[in-house]
Amino acid sequence: MIKWAGLEWGGFRFRFHPLFSILLLFSVITGYAAEMLILFGIVLIHELGHLTAAKGFGWQVREIQLLPFGGVLVVDEPGTVPAWEEIAVALAGPLQNVLMIAFAAACKWAGLWSGGWWDYFMQANLIIALFNLMPVLPLDGGKIMQSLLSYHLPYHRAIQWCAAASLVVSLTIVGMAFLRIGSHGIKLNVLIIGLFLIFSNWHTYRSVPYLFLRFLMHREARAGGFIVKGALAQPIVVNGRRKVADILRLFIKEKYHLIYVMDERGVIRAVLPEQRLLHTYFVDKKPGCAVSELLM
């Protein structure tokens, strides 16, 4: 099993992927140690942007994982924070790249240090920012995509679709590594990135039930927040035979729901708040019961 190196700094835990050591050693051997350190610094500042935004919103940050091609901010916010906060935190990383590009452009214009180094610095920032904005998890673009979908789609469907779409994009990246293989050989860096993303998103896809359960466990607290602030309710109209677990899969993250139970004649038998179904699921432990049984 591959072990990650880690350290504590500023009250936060940073973990480094083992490939970092290999890449650093390879860069020293090939004479590109300075370029490697610059890339590492850019990635670190990118992730610190995420960290600063997350802490500003009061999120619980577990650690920062630094990978060979970027980083990942690991938080304990299982679908409970507003989607706009998730988008803001995701954009905070690429924003640091934009600021660093502006800083480098100003230094180059002022004639500070070698212009070639500033060109490399700006190009590296641009590549890292654009790469992280790709619509694939766990990159920033994938998180933004999932947050935007959660405004309109049931949360279960949003995380399921995003994981599936990310797998497709990851497979496409692997396919790109083999383009024009006869004349240029395999693009090893692209292949490694693609394989890592496939592994990560396959794990995410298999974890959808677990991720959704964590969302439901914190849903009642979020629902209470909707009620305190006042919110337009999103109705869910179901037949009385519909199972509680199936109805919960229709919950939209950014909406509060009232469940309208309708009989065979199209008459509304009852209107239930979403907390009633959550209570049946977790407290009564009857996820498979029909919603009509709650009216007895």
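Remember, predicted model here, so these are calculated numbers, not experimental data. (Residues numbered from 1 in each chain as written. Predicted model: local features only at pLDDT ≥ 70, side-chain atom pairs only at ≥ 80, totals over all residues. Heavy atoms only, no water.)

A.B. asks: Teacher, can you tell me more about the packing of helix 6 (residues 155-177) against helix 9 (residues 208-217) here?
C.D. replies: When two helices pack together, their arrangement is given by the angle between the helix axes and by the axis-to-axis distance. Relative orientation of the contacting elements helix 6 and helix 9 amounts to 145°, with a least axis distance of 10 Å. As for the relative orientation of helix 6 and helix 9, their crossing is right-handed in sense. Side by side, helix 6 and helix 9 meet where Tyr155, His156, Ile159 and Gln160 of the first sit next to Val208, Leu211, Phe212 and Phe215 of the second. Grouping the amino acids of the contact of helix 6 with helix 9 by side-chain chemistry returns six nonpolar, two polar and no charged. (Axes fitted to C-alpha atoms, helices over the stretch in contact; angles between N-to-C directions. Helix = DSSP H or I, 4+ residues; strand = E, 2+ residues; numbered from the N terminus. Left-handed = near helix turned anticlockwise from the far one by under 90°. Contact = heavy atoms within 4.5 Å. Nonpolar A, V, L, I, M, F, W, Y, C, P; charged D, E, K, R; others polar.)

A.B. asks: It is not clear to me how the environment of Asn189 should be interpreted in this structure. Could you clarify?
C.D. replies: Secondary-structure assignment places Asn189 in helix 8 (residues 188-206). Note on Asn189: relative accessible area 53%, which makes it exposed. Distance from Asn189 to Ala177, taken between C-alpha atoms, is 8.1 Å for residues 12 residues apart in sequence. (Buried < 20%, exposed > 50% of the residue type's maximum accessible area, 1.4 Å probe, protein only.)

A.B. asks: Please clarify how helix 6 should be interpreted in this entry.
C.D. replies: Each α-helix winds once per 3.6 residues, and so residues spaced three or four apart point in a common direction. The end-to-end C-alpha distance of helix 6 is 33 Å, a good match for the 33 Å that 23 residues give at a rise of 1.5 Å each. Restricting attention to buried positions, one finds in helix 6 the residues Tyr155, His156, Ala158, Ile159, Cys162, Ala163, Ser166, Leu167, Ser170, Ile173, Val174 and Ala177. Contacts from the buried residues of helix 6 go to helix 5 (140-149), helix 8 and helix 9. (Expected span 1.5 Å × (residues − 1).)

A.B. asks: What's the story with the nonpolar core in this structure? I'm lost.
C.D. replies: Most often, soluble globular proteins have nonpolar side chains that are buried together. Core analysis: the largest hydrophobic core is formed by 23 residues, its most contacted members being Ile42, Ala54, Ile64, Leu73, Val89 and Phe121. When contributions to this core are tallied by element, the ones reaching two or more residues are strand 2 (12-16), helix 2 (33-56), strand 3 (61-67), helix 3 (83-110) and helix 4 (115-132). Setting aside residues no more than four positions away along its own chain, Ile64 makes contact with Arg13, Phe14, Arg15, Glu47, Leu51, Val72 and Leu73. Counting 20 residues, the second largest nonpolar core, distinct from the first, contains Leu216, Ile247, Phe251 and Leu294. (Core = buried A, V, L, I, M, F, W, Y, C linked by side-chain atoms within 4.5 Å.)

A.B. asks: Can you help me understand helix 9 in this one?
C.D. replies: Val208, Phe212, Phe215 and Leu216 are the residues of helix 9 that are buried. Summarising the axial view, the buried residues of helix 9 lie within an arc of 95°, below the 170-degree limit, and thus occupy one face. The exposed set on the far side of helix 9, more than 90 degrees from its buried face, consists of Tyr210 and Met217. Taken together, the buried residues of helix 9 touch helix 6, helix 8, helix 10 (219-229), helix 11 (244-248) and helix 12 (274-282). (Arc of directions from axis to C-beta.)

A.B. asks: Would you take a moment to explain the packing of aromatic side chains for this structure?
C.D. replies: The geometry of two aromatic rings is summed up by the distance between their centres and the angle between their planes. Scanning all chains against the criterion turns up eight aromatic pairs. Where Phe103 meets Trp118, the ring centres are 6.0 Å apart and the plane angle is 85°; that geometry is what we call edge-to-face. Taken together, the residues span a long stretch of sequence, with Phe103 in helix 3 and Trp118 in helix 4 at a distance of 15 residues. Ring centres of Tyr281 and Phe282 lie 4.9 Å apart, and the angle between their planes is 70°; on these two criteria the pair is classed as edge-to-face. When its relative accessible area of 22% is taken as the criterion, Tyr281 is described as partly exposed. Through successive ring pairs, a cluster of aromatic residues spans Phe103, Trp118 and Phe121. (Phe/Tyr/Trp six-rings, centres within 6.5 Å; stacked < 30°, edge-to-face > 60°.)

A.B. asks: For this particular structure, what's the right way to read the pairing of strand 6 (residues 256-262)?
C.D. replies: Relative to strand 6, strand 5 (residues 233-239) runs parallel, the two sharing seven bridges. Note that in strand 6 the partner of Val237 across the bridge is Tyr260. Bridge analysis of strand 6 against strand 7 (residues 268-273) gives five bridges, and the strand direction is antiparallel. By the bridge assignment, Ile259 is partnered in strand 7 with Leu272. Turn length for the strand 6-strand 7 hairpin, with the two strands adjacent in sequence and antiparallel, is five residues, and the turn residue Gly266 shows positive phi of about 85°. (Pairing = 2+ DSSP bridges.)

A.B. asks: Would you explain a nonpolar patch on the surface in this entry?
C.D. replies: A surface patch of nonpolar side chains, about 270 Å² in accessible area, is lined by Leu95, Val98 and Leu99. Position of Leu99 relative to the elements: it lies in helix 3. Leu99 gets classed as partly exposed once you look at its relative accessible area, which sits at 48%. (Patch = residues over 30% accessible without salt bridge, like charges linked within 9 Å, V, L, I, M, F, W, Y side chains within 5 Å. Areas by Shrake-Rupley, 256 points an atom, 1.4 Å probe, with all protein chains shown as cover. Salt bridge = Lys/Arg side-chain N within 4 Å of Asp/Glu carboxyl O.)

A.B. asks: How do you make sense of the sheet that holds strand 6 when you look at a structure like this?
C.D. replies: The strands that make up a sheet are held in pairs by hydrogen bonds between backbone atoms, and each pair lies either parallel or antiparallel. Taken in spatial order, the three strands make up an open sheet running 5-6-7, and their pairing is mixed. Edge positions in the sheet fall to strand 5 and strand 7, since each of these pairs with one other strand and no more. For this sheet, the mean inter-axis angle between neighbouring strands, taken without regard to orientation, is 25°. Packing against the sheet, helix 12 makes contact with strand 6 and strand 7, and its axis sits at approximately 80° to strand 7.

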